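Remarks on the overall topology
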Amino acid sequence: MTQPASSATRAPTLSRELGVRHASAIVVGTIIGSGIFLVPAEMMQAVGSARLVYLAWIVGGALSLAGAITYAELGAMKPQTGGEYVYIRDAYGPLPAFLYGWTWFAIAKPATVATLTTGLVRILGTFSGLAFLHQVAIAKPLAITYGELVAVAAAVLITGLNYIGIRRAADFQVVFTALKIVIIIAIALMAFTASSGTWRNFATTFSGATGGFAGFMAALIAALWAYDGWNDLNMVSGEIRNPGRAIPVALIVGVGVVAALYMLTNAAVQYVLPAASIAASERPASEATAMAVGAWGAAVVSAGMVLAIIVSLNGSIMSGARVPFAMSRDGYFFKAMAEVHPRFHTPWVALIVQLALSIALLLFAGSFRQLFSLAIFAEWLFYMVSASTVFVLRRKEPDAARPYRTWGYPVVPAMFIVAAAVLLFYTFTENIRNSAWGVVVIAAGIPVYGYFARRRKQLAISS
């Protein structure tokens, strides 16, 4: 018997293959990159004392948890691919949603991939046997180092893993996130065995710190960047089984686990090094571990950083491709971006385009870090806008099913929104040039949206 034509020609779709453990690994694995190993120095330079560093970690963790609790309701209520794009679209309309997606597609995600892969190469370059990574491999027509080739290879391999199935990529995330957690705990325990360690270090200060409100805000921003990435889970909501339970559990528990690991790591570093030494160190975690167990301890930290970056890279590539996919599915972006692979059930075109943009930043945009920094303002703007949709959607869709309702509503989401607004104001006034360029990037999406909106309307009329 032949299969009915309507069934036989049905277009492939993304499939719900991820469980709670996959979702939790996406949250934890994407958040924890190399930041926790490096930002203690930046935070100490900003505030000058262990107490204020911990206060920044606590405040940053509380704000991130408030955001996660808010996003938990949104993700459970609208478990659709695209996450924040969907919430903004349903609350405020297609134009604001497109501008969000445009910012993520054009700059934020490709620059994140470029930054992570470049960071991976820099850490690999600290191993004596890999010093050649800084040498030129290809001289013409463009000078490319071995390190850049490794960075491109890492982006290609992780994109390839995501191309052949989200379940494979998520299983990778589970295994290596677990390994990453074990390494972080081991690093902290090794540091606590240092004979030179003392709890008196927690009372030391660094006299050259920025200090004051400006210093604390700088430390808080560093902490928030270390916590950044918890929102990526919502972008793959359309591929999570039982999202009403899995998304809230993964977001809330995941951020809590990360906060505990960060506190433990920072305590271990502070136990070994006084405040002034932390502020002066490029890699305080490596230095603290080396003092505890010898030079091989620093190698363990470097290996942990490499693993952390690879797992974070996997989560970023996985989530990033889902945003242009959702835009295209709604008819507001190139049709091909909504293509789903018939065998692997992944947004394969979106993954490849994201890879191409990332490689372009790696090889041709020497100032890609500036491109990434100018997106900081835009990213926090959309965090604030996305969180605000919980209020709008409760009014617009009061009868919609909400498997999870934000704990502490309306105080918790309001706290996150106010904090985001304060950070936006601070980052804008402190770095007007990059913040202004961030606004320009967002505004550049308006004519692009106009083109796709007109084309969508014409297609609707013709059909």
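Small disclaimer: the values here were computed from a predicted structure and weren't measured.

Quick word on the overall build of the chain
The helix and strand tally for the chain stands at 19 helices and two strands. Relative to the globule expectation of 23 Å for 463 residues, the C-alpha radius of gyration of the chain, 22 Å, shows essentially globular dimensions. The C-alpha extent of the chain, read off along each of the three principal axes, is 75 × 55 × 50 Å. Per-residue burial for the chain yields a buried fraction of 57% across its 463 residues. Surface summary for the chain: the accessible area is close to 18,800 Å², and the carbon and sulfur share equals 67%.

What about the side chain of Thr198?
Its place among the elements puts Thr198 in the loop between helix H8 (166-192) and helix H9 (212-227). Overall, the relative accessible area of 18% leaves Thr198 in the buried class. Setting aside anything within four residues of it in sequence, one finds Thr198 in contact with Gln270 and Tyr271.

What to know about unusual backbone geometry
The peptide bond linking Lys140 to Pro141 adopts the cis configuration, its omega dihedral lying at -5°. Note that Pro141 resides in the loop between strand S1 (136-138) and strand S2 (144-145). With an omega of 5°, the peptide bond running from Tyr409 to Pro410 counts as cis. Mapped onto the elements, Pro410 comes out in the loop between helix H17 (368-396) and helix H18 (411-430). Of note in the backbone geometry, Asn242 takes a positive phi value of approximately 45° without being a glycine. Residue His345 is not a glycine yet carries a positive backbone phi of 55°. Along the chain, His345 falls in the loop between helix H15 (322-329) and helix H16 (348-364).

Structural notes on the packing of aromatic side chains
Taken as a whole, this structure holds 32 aromatic pairs when the rule is applied. Chaining the aromatic ring pairs together yields one cluster made of Tyr71, Tyr87, Tyr100, Trp104, Trp230, Trp380, Phe382, Tyr383 and Phe416. The ring of Tyr409 carries the charged tip of Arg394 above its face, separated from the ring centre by 3.7 Å.

Focus: helix H11 (residues 243-272)
Counted at 1.5 Å a residue, the expected span for H11 with its 30 residues is 44 Å, and the 43 Å between its end C-alpha atoms agrees. Here H11 lies mainly inside the structure; 21 of its 30 residues are buried.

Some remarks on a nonpolar patch on the surface
A contiguous nonpolar surface patch, about 310 Å² in accessible area, is contributed by Phe132, Ile138, Tyr146 and Leu149. Classification of Leu149 by relative accessible area gives partly exposed; the value is 35%.

Side note on the pattern of salt bridges
Close approach of charged atoms allows side chains with opposite charge to pair. Enumeration over the complete set of coordinates arrives at ten salt bridges. A salt bridge links Arg89 to Asp330, with the nearest nitrogen and oxygen atoms 2.7 Å apart. One end of the pair, Arg89, is in helix H5 (residues 84-92); the other, Asp330, is in the loop between H15 and H16, with 241 residues separating them in the sequence. Per residue, the accessibility class of Arg89 equals that of Asp330, and both read buried. Put simply, Lys78, Arg89, Asp90, Asp330 and Glu397 are held in one network by salt bridges that share partners.

A word on the environment of Phe344
Locating Phe344 in the fold gives a position in the loop between H15 and H16. We classify Phe344 as buried; its relative accessible area is 15%. Taking the C-alpha atoms as reference points, Phe344 and Leu14, 330 residues apart in sequence, are found 8.8 Å from one another. Excluding its chain neighbours within four sequence positions, the residues that come into contact with Phe344 are Tyr163, Ile164, Gly165 and Arg168.

Here we look at the confidence of the model for the chain
Put simply, the chain has an average pLDDT of 89, and 95% of its residues get 70 or more. Below a pLDDT of 50 lies the segment residues 1-8, which in the model reaches one contact outside its immediate sequence neighbourhood of four places, other chains included.

Here's the deal with the nonpolar core
Membership of the largest hydrophobic core comes to 147 residues, with the highest contact counts inside it found for Phe37, Met43, Trp57, Phe98, Leu233 and Tyr262. The contact partners of Phe98, leaving out residues within four places of it in the chain, are Tyr85, Met327, Tyr332, Phe333, Gly445, Val448, Tyr449 and Phe452.

Some remarks on the environment of Ala338
Mapped onto the secondary structure, Ala338 falls in the loop between H15 and H16. Once the C-alpha coordinates of Ala338 and Phe325 are considered, the two residues, 13 residues apart in sequence, prove to be 4.7 Å apart.

Some points on the environment of Pro410
On the basis of relative accessibility, which here comes to 41%, the residue Pro410 falls in the partly exposed class. Spatially, the C-alpha atoms of Pro410 and Phe206 are 39 Å apart, while their sequence positions differ by 204 residues.

Thoughts on the packing of helix H14 (residues 295-320) against H15
Direction vectors running N to C along H14 and H15 enclose 5°, while the axes themselves pass 5 Å from each other. If you check the angle between H14 and H15, you find them roughly parallel. Residues Met318, Ser319 and Gly320 of H14 form the contact with H15, whose participating residues are Arg322, Val323 and Pro324.

Focus: the side chain of Lys109
Here Lys109 lies in helix H6 (residues 94-124). Apart from the residues lying within four places of it in its own chain, the contact partners of Lys109 are Trp104, Asp232, Met235, Ser316, Ser319, Gly320 and Gln354.

About the cut-offs
Residues numbered from 1 in each chain as written. Predicted model: local features only at pLDDT ≥ 70, side-chain atom pairs only at ≥ 80, totals over all residues. Heavy atoms only, no water. Helix = DSSP H or I, 4+ residues; strand = E, 2+ residues; numbered from the N terminus. Rg over C-alpha atoms; globule rule 2.2 N^0.38 Å. Buried < 20%, exposed > 50% of the residue type's maximum accessible area, 1.4 Å probe, protein only. Areas by Shrake-Rupley, 256 points an atom, 1.4 Å probe, with all protein chains shown as cover. Contact = heavy atoms within 4.5 Å. Phe/Tyr/Trp six-rings, centres within 6.5 Å; stacked < 30°, edge-to-face > 60°. Lys NZ or Arg CZ within 6 Å of the ring centre and 35° of its normal. Expected span 1.5 Å × (residues − 1). Patch = residues over 30% accessible without salt bridge, like charges linked within 9 Å, V, L, I, M, F, W, Y side chains within 5 Å. Salt bridge = Lys/Arg side-chain N within 4 Å of Asp/Glu carboxyl O. pLDDT = per-residue confidence, 0-100. Core = buried A, V, L, I, M, F, W, Y, C linked by side-chain atoms within 4.5 Å. Axes fitted to C-alpha atoms, helices over the stretch in contact; angles between N-to-C directions. Parallel < 35°, antiparallel > 145°, perpendicular 65-115°, else oblique.

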